[in-house]
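Coordinate analysis (summary)
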Amino acid sequence: MKPENETALAEMVKGAKGPLRVIGGGTRNIGAPVVGETLSAAGLSGVTLYEPGALTLVAGAGTPVAEIEDVLAQEGQRLAFEPMDHRGLLGTQGEPTIGGVVAGNVSGPRRIQVGACRDSLLGVRFVDGAGRVLKNGGRVMKNVTGYDLVKLMAGSWGTLGVLSEVSLKVQAIPETTGCVLLYGLDEVAAVSAMSAALGSPYDISGAGHAPVGVDGHPVTMIRIEGLDASVSYRADKLKALFANSGAEIHVERDPAKVTEGWRWLRDVAPMHGGTSAVWRLSVKPSDAPAIVAALREVSGDLKVLYDWGGGLVWIEAPEGVDPRTVEFAGHATLVRGSESLRAAMPVFHPEPAPVAAIAQGLRDKFDPRGILNPGLMG
């Protein structure tokens, strides 16, 4: 089913006789397998309101992310939270949609500076499991009516309602960008360096580390954006900050190379094309290297990538390895795995009983028949 407008969407949901597999562009095949008739929001497409001066944009949930980025770029603006593209990691086809981004609260490296997707979300329209059209929030930043429900829809993965329209605040593209590259640090030293950069006054917009970089050697990436003179000043200050780190330091100022490098990190390119399981860990940055070391003791060699200053860790491991068997404070989500693996274990980190009860209560409220992506979140 692929409704072309919100009315048709509501009628389809209301008339559904069984479970619905809710998707946008079908590129983010994450979560437990859902058995049911496919309902795609891809037909609800198009930018319906864009006010560059107010930094706001409203679009149908099925609007391709690429289309939104093109519209914004014409006015020198962008989505601040730079959502990742899962297609390379998951081996999927199609076009990522803005509704899919919101439903998954998909957020990239700039989250450490501007927050997650939900922090850019101003308002939503959606159809709940009873076929009711609901709206919440507004179309401008000063309107915060129903703020909590707007945030709730981000990351709900279509289990509370099918998004039909989203309103977002956007951001001006800075004049220039640069990246301070530290070569040769081990993982503990890299996290320490990223923490030092993020704790500095130099307005860092990205901090990541690859134990195996493009050239096969460890590289730590620190991104700075803004006016040209400011980027140059901050790059020099960061070089001085890391002068005694033991790393080989290079500052990349070519915009194309900087963009390419951060897309490589954002989209977890080192793990593209594989068939092993891929896990996404959200942890305290200072804990990350020890958690990875403990997992290596269990499984041997792993592919690892650090983002968010070490707070986000991507791990590629054999399917028999479950990071949750290592005790740590945080969350582990199975992002890529065989259908049998995703059916056999909770894909999303199990919630504490009180939180699980609240989540179930919300699903009962917004989807009383239990038809929207049932079982997706474990």
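Rules used in this analysis
Residues numbered from 1 in each chain as written. Predicted model: local features only at pLDDT ≥ 70, side-chain atom pairs only at ≥ 80, totals over all residues. Heavy atoms only, no water. Phe/Tyr/Trp six-rings, centres within 6.5 Å; stacked < 30°, edge-to-face > 60°. Helix = DSSP H or I, 4+ residues; strand = E, 2+ residues; numbered from the N terminus. Buried < 20%, exposed > 50% of the residue type's maximum accessible area, 1.4 Å probe, protein only. Lys NZ or Arg CZ within 6 Å of the ring centre and 35° of its normal. Polar contact = N/O pair within 3.5 Å; in protein donor to acceptor, adjacent residues only side chain to side chain. Contact = heavy atoms within 4.5 Å. Salt bridge = Lys/Arg side-chain N within 4 Å of Asp/Glu carboxyl O.

1. Considering the packing of aromatic side chains
By the definition in use, this model includes 2 aromatic pairs. With centroids separated by 5.9 Å and ring planes inclined at 50°, the aromatic side chains of Trp-157 and Phe-348 adopt a geometry described as tilted. With Trp-157 in the loop between α6 (147-153) and β8 (162-169) and Phe-348 in the loop between α11 (339-344) and α12 (353-366), this residue pair connects regions lying 191 residues apart in the sequence. For Trp-157, a relative accessible area of 14% puts it in the buried group. One residue, Arg-223, lies across the ring of Trp-262, its end atom 4.6 Å from the ring centre.

2. Quick word on the side chain of Thr-220
Topologically, Thr-220 is positioned in strand β12 (residues 219-226). For Thr-220, a relative accessible area of 0% gives the class buried. Here the side chain of Thr-220 touches His-209 through a polar contact of 2.8 Å, side chain to side chain. Contact partners of Thr-220, with chain neighbours within four places excluded, come to Val-180, Leu-181, Leu-182, Leu-185, Ala-190, Met-194, Gly-208 and His-209.

3. Some thoughts on the pattern of salt bridges
Under the criterion given, the structure shown has 14 salt bridges. A salt bridge links Glu-82 to Arg-110, with the shortest nitrogen-to-oxygen separation between them at 3.9 Å. With Glu-82 in the loop between β5 (77-78) and α3 (87-90) and Arg-110 in the loop between α4 (98-104) and α5 (111-114), this pair connects stretches of sequence that are 28 residues apart. Per residue, the accessibility class of Glu-82 equals that of Arg-110, and both read buried. Taken together, the shared-partner salt bridges in this structure form one network comprising Arg-78, Glu-82, Arg-110, Arg-223 and Glu-225.

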